[in-house]
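Secondary and tertiary structure notes
One-letter residues, chain by chain:
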Amino acid sequence: MRSRTVAGINRLLAILAVFSIIAIVLTSCSSGDGSQAEKGFPAVTGKAGQKPSIAKGTGQPPKELKTRVLHKGDGHEVGKKDTVLASYTGQLWNGKVFDSTWENNRGPASFGLDQVIPGWKEGLAGKHVGDRVQLVIPPDKGYGDKENGPIPAGSTLVFVVDIKDSANMTDTSALASAKPLNPELGKGLSVAGKPGTKPELKISKEFKAPTEFQVTVLNEGKGEPIQADDIVGYHITAQLVGKDGPKDSPQSSWEMGGIQNTQQSIGTNPNMMKLFLGQKIGSRVLVQMPAAKGAGGATQDARVVILDLTGKLATK
């Protein structure tokens, strides 16, 4: 349920096809307690941490955004710029479910609050990790008069959201406090730039394309090591390298769309495990990837990638 598209990111993702962005929907207002029907709120049954059942709305749907806390958590407050990890069910006012992370073993989803419909951002900012929140979102805080997949134009949306974790992935302060290690990178390859700023990747024709997977820590962060169950936030800078040297110029999320995050925990993908497992938040990591066979048997060029690790979300 994306509310906007990150410009230019497709080209960057083509360079390193293990990264993706998730966006969703929602907002804030009044908060309440309990799962019984209140004015403007369909009744909800089911324990926090388990799949909820939401009754269909009765009467006319509210014209303003409404939120209530069904179960209060004891975690930290969700910030307006946070990326949130949540399990949720979304349905129309008439009770028809259009999306649920509880189906097909999907598991919790992560999304940036600056990338979702106003109802989600206003409704979840200020809540706490561990909260189960019900949101009733009028059309002007959702998709308005435009149809969006299974959601008809002019729909009032009802969500129950379990907030699992949140972090401000756009905060680069952890990068700025990292310790430069200044490792030898080999002939024709250099990386400049202070910690916490966009790296300047330079590859000359003297650089020999990597023939094996290599990971080099350029700046060591002071944050927690990344675990297999974590979703990771990062900046990425990358360049293709062919037999005759570098291709085009480096592409960077520092300029093209901002912080990225892995859609799922890194343990679900062997490539992501190679890239992230054990690295400390705040680190700048150089990754060299050899040429490989892609879909349909086509050969993919070698890649040189810099990852700046800004934050993480714990899925367990």
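Residues numbered from 1 in each chain as written. Predicted model: local features only at pLDDT ≥ 70, side-chain atom pairs only at ≥ 80, totals over all residues. Heavy atoms only, no water.

**As for the overall build of the chain**
Along its length, the chain carries four helices and 19 strands. If you take every contact in the chain between residues at least 6 apart in sequence, the share linking residues at least 24 apart comes to 76%. Surface summary for the chain: the accessible area is close to 14,900 Å², and the carbon and sulfur share equals 48%. (Helix = DSSP H or I, 4+ residues; strand = E, 2+ residues; numbered from the N terminus. Contact = heavy atoms within 4.5 Å. Areas by Shrake-Rupley, 256 points an atom, 1.4 Å probe, with all protein chains shown as cover.)

**What to know about the pattern of salt bridges**
For the structure on display, the rule yields 12 salt bridges. The closest approach of N and O atoms between Glu122 and Lys141, which form a salt bridge, is 3.0 Å. Highlighted residues: Glu122 in helix H2 (residues 118-124) and Lys141 in the loop between strand E7 (132-137) and strand E8 (157-167), separated in sequence by 19 residues. Accessibility expressed as a relative area gives 22% for Lys141, which makes it partly exposed. Linked through salt bridges whose partners overlap, the residues forming this network are Lys198, Glu200 and Glu255. (Salt bridge = Lys/Arg side-chain N within 4 Å of Asp/Glu carboxyl O. Buried < 20%, exposed > 50% of the residue type's maximum accessible area, 1.4 Å probe, protein only.)

**A closer look at the pairing of strand E3 (residues 66-71)**
A regular strand places its side chains on the two faces of the sheet in alternate fashion. Counting buried positions over the six residues of E3 gives five, a clear majority of the element. By the bridge criterion, five bridges tie E3 to E7 in an arrangement that is antiparallel. Following the sheet pairing, Lys66 is matched in E7 by Val136. (Pairing = 2+ DSSP bridges.)

**With respect to the confidence of the model for the chain**
Taken as a whole, the chain shows an average pLDDT of 88; of its residues, 87% reach a score of 70 or greater. Mean pLDDT per element in the chain: helix H1 (residues 9-15) is the minimum at 46, and E7 is the maximum at 98. With pLDDT under 50 throughout, residues 1-11 is counted as low confidence; its partners more than four residues away or in other chains account for 32 contacts. A low-confidence stretch, residues 13-34 stays under pLDDT 50, and its non-local contacts, those more than four residues away or across chains, total 109 contacts. (pLDDT = per-residue confidence, 0-100.)

**So, the environment of Val161**
Relative to the assigned elements, Val161 resides in strand E8. As for Val161 and Leu85, which are separated by 76 residues in sequence, their C-alpha atoms are 9.9 Å apart.

**Structural notes on the side chain of Ser100**
Mapped onto the secondary structure, Ser100 falls in strand E5 (residues 97-100). You can call Ser100 buried: its relative accessible area is 5%. One polar contact links the side chain of Ser100 to the main-chain amide nitrogen of Trp102, over a distance of 3.2 Å. Sequence-distant contacts of Ser100, defined by excluding residues within four places in its chain, comprise Tyr88, Thr89 and Arg106. (Polar contact = N/O pair within 3.5 Å; in protein donor to acceptor, adjacent residues only side chain to side chain.)

**So, the packing of aromatic side chains**
Within this structure, the stated rule accounts for six aromatic pairs. Summarising the aromatic geometry, the rings of Phe98 and Phe159 are spaced 5.6 Å apart at their centres and angled 85 degrees between planes, so their arrangement reads as edge-to-face. Note that Phe98 is positioned in strand E5 and Phe159 in strand E8, a separation of 61 residues in sequence. An identical accessibility class is assigned to Phe98 and Phe159; each is buried. (Phe/Tyr/Trp six-rings, centres within 6.5 Å; stacked < 30°, edge-to-face > 60°.)

**Overview of unusual backbone geometry**
Leave glycine aside and you will find that most residues have negative phi; peptide bonds, for their part, are mostly trans. If you check the backbone angles, Asn104 has positive phi at about 55 degrees while not being a glycine. Examined against the element boundaries, Asn104 turns out to sit in the loop between E5 and strand E6 (109-112). Its identity is not glycine, yet Asn105 carries a phi of approximately 55 degrees, on the positive side. By secondary structure assignment, the location of Asn105 is in the loop between E5 and E6.

**Quick word on the pairing of strand E16 (residues 284-289)**
Burial analysis of E16 places six of its six residues in the buried class, which makes it a mostly covered element. Residue alternation in E16 divides its side chains into two sets, Arg284, Leu286 and Gln288 and Val285, Val287 and Met289, and both sets are buried. Examined bridge by bridge, strand E12 (residues 214-220) and E16 share five bridges and lie antiparallel to one another. The residue of E16 that forms the bridge with Val217 is Val285. Bridge count between E16 and strand E19 (residues 302-314): six bridges; the pairing is antiparallel. Across the sheet, Val287 pairs through a bridge with Val305, a residue of E19.

**Let's talk about the nonpolar core**
Formed by 25 residues in total, the largest nonpolar core has its most connected members in Trp120, Leu124, Leu157, Phe159 and Val161. When contributions to this core are tallied by element, the ones reaching two or more residues are strand E4 (83-92), E6, H2, E7 and E8. (Core = buried A, V, L, I, M, F, W, Y, C linked by side-chain atoms within 4.5 Å.)

**Some thoughts on the side chain of Asp230**
Position of Asp230 relative to the elements: it lies in strand E13 (residues 230-242). The class for Asp230 is buried, based on a relative accessible area of 4%. Discounting residues that sit within four places of it in the chain, Asp230 has contacts with Pro225, Gln264, Ser265, Ile266, Lys312, Leu313 and Ala314.

**Brief notes about the environment of Phe98**
The exposure class of Phe98 is buried, given its relative accessible area of 14%. Linking Phe98 and Ile151, residues 53 residues apart in sequence, is a C-alpha distance of 7.1 Å.

**Comments concerning the environment of Leu70**
By the element assignment, Leu70 lies in strand E3. Put simply, Leu70 and Asp131 are 61 residues apart on the chain and 7.4 Å apart in space, counted from C-alpha to C-alpha.

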